[in-house]
Amino acid sequence: MCFRVCISTISLLLVCLFTLDCGISLRVYRPFPKETAFEYVKKMDHIQIFVKEENRMKMGVYDGYFFNPEGLPNEYGPLSYLIRKELSIRGNRYPLLLDRGGKIFVDEFQLVSLDRCSKNLSFVKLKVRIQIANNLEEPFSYYDEIDSRVTNCYLTGSVLTVVPLLWYVPYNGFRGNREDQLNQLGRNSLSEFFTKLEVLSGYNGSSPIEETQPLEPQPVKPKQIPTKQEPVDPKLKEILESL
C-alpha cells in the first residue's frame, strides 16, 4: 500500500513539474535604456518589411524530448511587428531609411530550444537583407547558441534522487532555464540587427563632431636692443686702448 502511494505521489509530482517546465513564455524585444512610451505603430508605406514564413503564433520552438515540439508565440508580437515598432519609437536613429524608404527581407529566423536528454541546445539564427533607397542590398547574418545540461532527463533524475538535486538546482540557476535562454538569445539577435540597421541608416550614435580650428601660431617677439649704451668705466677703457 505504501509503495503504491509513493509511486502515485512521484508520478503526480513529475506531471506537475513537467507541466510547469513546459510552460515557456517568449518575451523577445529590443532591450533599450529609458524606453519611451508610444501609442501606435506608424504607417510607413515606403518601407517594405517581409518575414519569410512568419507565423504570428510560432516565433520560437521548444522540443522537450518527452513531448512533441511546441510552437511558442511571442508576448510582444511577431518579428515584423517588432521591426515596425522599433522604427515608430526611435525613428531618429534611422534617418535615411525613414526619409528615402527601403526594404527589409528576413529570409530566416529560428529560435529553438532542442532537448536531447543528456544536453539541451538553445540557438538563434537570423538572416536579413537590407536595402535603403536604391542602394545595393546589405546582408546581415547572426547566430548564437547556449549548450547546457538543463534538460528534462536531469530534472527527472533530480526529483527521484536527492544527490543530483543538489547539483541541478544551482546549475539551473547559473545557466538559466530554457525560457531564460530563448529570451536572451532572441533579444541579443534583435539588438545586433537594429544596431546594423542604424549604421546603414546613417546614424553614428552621437552628435556630429565639430571640426577643431587649428591654433594660430603666436608671433615671436624680436629681442629688444637697448637704444642707449651704458657709459664704459674709464679704467676699463684705458686697458682696452692699450691692447
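Check the entry above for the structure.
All of the points below concern the structure found in this document. (Residues numbered from 1 in each chain as written. Predicted model: local features only at pLDDT ≥ 70, side-chain atom pairs only at ≥ 80, totals over all residues. Heavy atoms only, no water.)

1. Let's talk about the overall build of the chain
What counts is decided by this rule: Numbering of helices and strands runs from the N terminus; a helix is a DSSP stretch of H or I covering at least four residues, while a strand is a stretch of E covering at least two. Burial here depends on accessible area, computed with a 1.4 Å probe over protein chains only, as a share of the maximum for the residue type. Under 20% is buried, over 50% is exposed, and the range in between is partly exposed. Between two residues, a contact is recorded if the distance between any of their heavy atoms is within 4.5 Å.
Across its full length, the chain carries seven helices and six strands. Each helix and strand of the chain, ordered N terminal to C terminal, gives the series α-β-β-β-α-α-β-β-β-α-α-α-α. The buried share of the chain, reckoned over its 243 residues, is 34%. Counting contacts in the chain only where the partners sit at least 6 residues apart, residues at least 24 apart contribute 71% of the total.

2. Examining the layout of surface pockets
Convention followed: Buriedness of a pocket was judged along seven lines, with at least five required to meet protein on both sides within 12 Å; pockets are open sets of points on a 1 Å grid over the protein atoms alone, cavities are sets where a 1.4 Å probe fits but cannot get out, and lining residues have an atom within 4 Å of a point. Grid points are joined across faces, edges and corners, and a volume is the space filled by probe spheres set on the points. Any residue that is not Ala, Val, Leu, Ile, Met, Phe, Trp, Tyr, Cys, Pro, Asp, Glu, Lys or Arg is counted as polar, Gly included; the first ten are nonpolar and the last four charged.
Quantified by volume, the largest pocket comes out at close to 410 Å³. Residue contributions to the lining of the largest pocket peak at seven residues, all from strand β4 (residues 102–115). Partitioned by chemical class, the residues of the lining of the largest pocket number nine nonpolar, three polar and six charged.

3. Some words on the packing of helix α2 (residues 79–89) against helix α6 (residues 178–200)
Selection criterion: All axes here are fitted lines through C-alpha atoms, helices being fitted over the stretch that makes contact, and every angle between N-to-C directions spans 0 to 180 degrees. For classification purposes, an angle smaller than 35 degrees is called roughly parallel, one larger than 145 roughly antiparallel, one from 65 to 115 roughly perpendicular, and anything else oblique. Should the near helix be turned anticlockwise from the far one by less than a right angle, the crossing is left-handed, and should it be turned clockwise, the crossing is right-handed.
Contact pair α2 / α6: the axes reach a minimum separation of 12 Å and the direction vectors enclose 45 degrees. With respect to their mutual orientation, α2 and α6 come out oblique. With respect to the hand of their crossing, α2 and α6 are arranged in right-handed fashion. Touching Leu 79, Leu 82, Ile 83, Glu 86 and Leu 87 of α2 are Leu 190, Phe 193, Phe 194 and Leu 197, all from α6. By residue class, the composition of the contact of α2 with α6 is eight nonpolar, no polar and one charged.

4. Quick notes on unusual backbone geometry
Of note in the backbone geometry, Cys 117 takes a positive phi value of approximately 65 degrees without being a glycine. Considering the arrangement of structural elements, one finds Cys 117 in the loop between β4 and β5 (120–132). Its relative accessible area of 24% is what places Cys 117 among the partly exposed residues. Non-glycine residue Ala 133 carries a positive phi angle of around 55 degrees.

5. Quick word on the environment of Glu 138
Tracing the sequence through the fold places Glu 138 in strand β6 (residues 138–148). Classification of Glu 138 by relative accessible area gives partly exposed; the value is 32%. Here the alpha-carbon distance between Glu 138 and Lys 196, two residues 58 residues apart in the chain, equals 9.7 Å. Not counting residues within four places of it along the chain, the set of residues in contact with Glu 138 comprises Val 128, Arg 129, Ile 130 and Leu 200.

6. Observations concerning α6
Because an α-helix packs 3.6 residues into every turn, residues spaced three or four apart end up facing the same way. As a reminder of what qualifies: Given a helix with a known number of residues, its expected span is that number minus one, times 1.5 Å.
With 23 residues, α6 should cover 33 Å at 1.5 Å per step; its first-to-last C-alpha distance of 33 Å lies within 8% of that length. Where α6 ends, the next residue or the one after it, Gly 202, has phi of about 85 degrees, a positive value.

7. A few points about the pattern of salt bridges
Just so we agree on the cut-off: Definition used for salt bridges: Asp or Glu carboxyl oxygen within 4 Å of a side-chain nitrogen of Lys or Arg.
For the structure shown, the criterion picks out 13 salt bridges. A salt bridge links Glu 86 to Arg 30; the nearest nitrogen and oxygen atoms lie 2.6 Å apart. With Glu 86 in helix α2 and Arg 30 in the loop between α1 (2–22) and β1 (47–51), this residue pair connects regions lying 56 residues apart in the sequence. Judged by relative accessible area, Glu 86 falls into the buried class, the value being 3%. Taking relative accessible area as the criterion, Arg 30 reaches 10% and is therefore assigned buried.

8. Here's the deal with the nonpolar core
Put simply, the test is: Buried Ala, Val, Leu, Ile, Met, Phe, Trp, Tyr and Cys residues that are joined via side-chain atoms within 4.5 Å together make up what is termed a nonpolar core.
With 34 residues, the main nonpolar core has Leu 79, Ile 83, Leu 87, Leu 126, Phe 193 and Leu 197 as its most contacted residues. Of all the secondary-structure elements, those providing two or more residues to this core are β1, α2, β4, β5, β6 and α6. For this core, the element with the most residues is α6, which contributes six residues. The contact partners of Leu 126, leaving out residues within four places of it in the chain, are Leu 79, Val 106, Glu 108, Phe 109, Phe 140, Ser 141, Tyr 142, Ser 189 and Phe 193.

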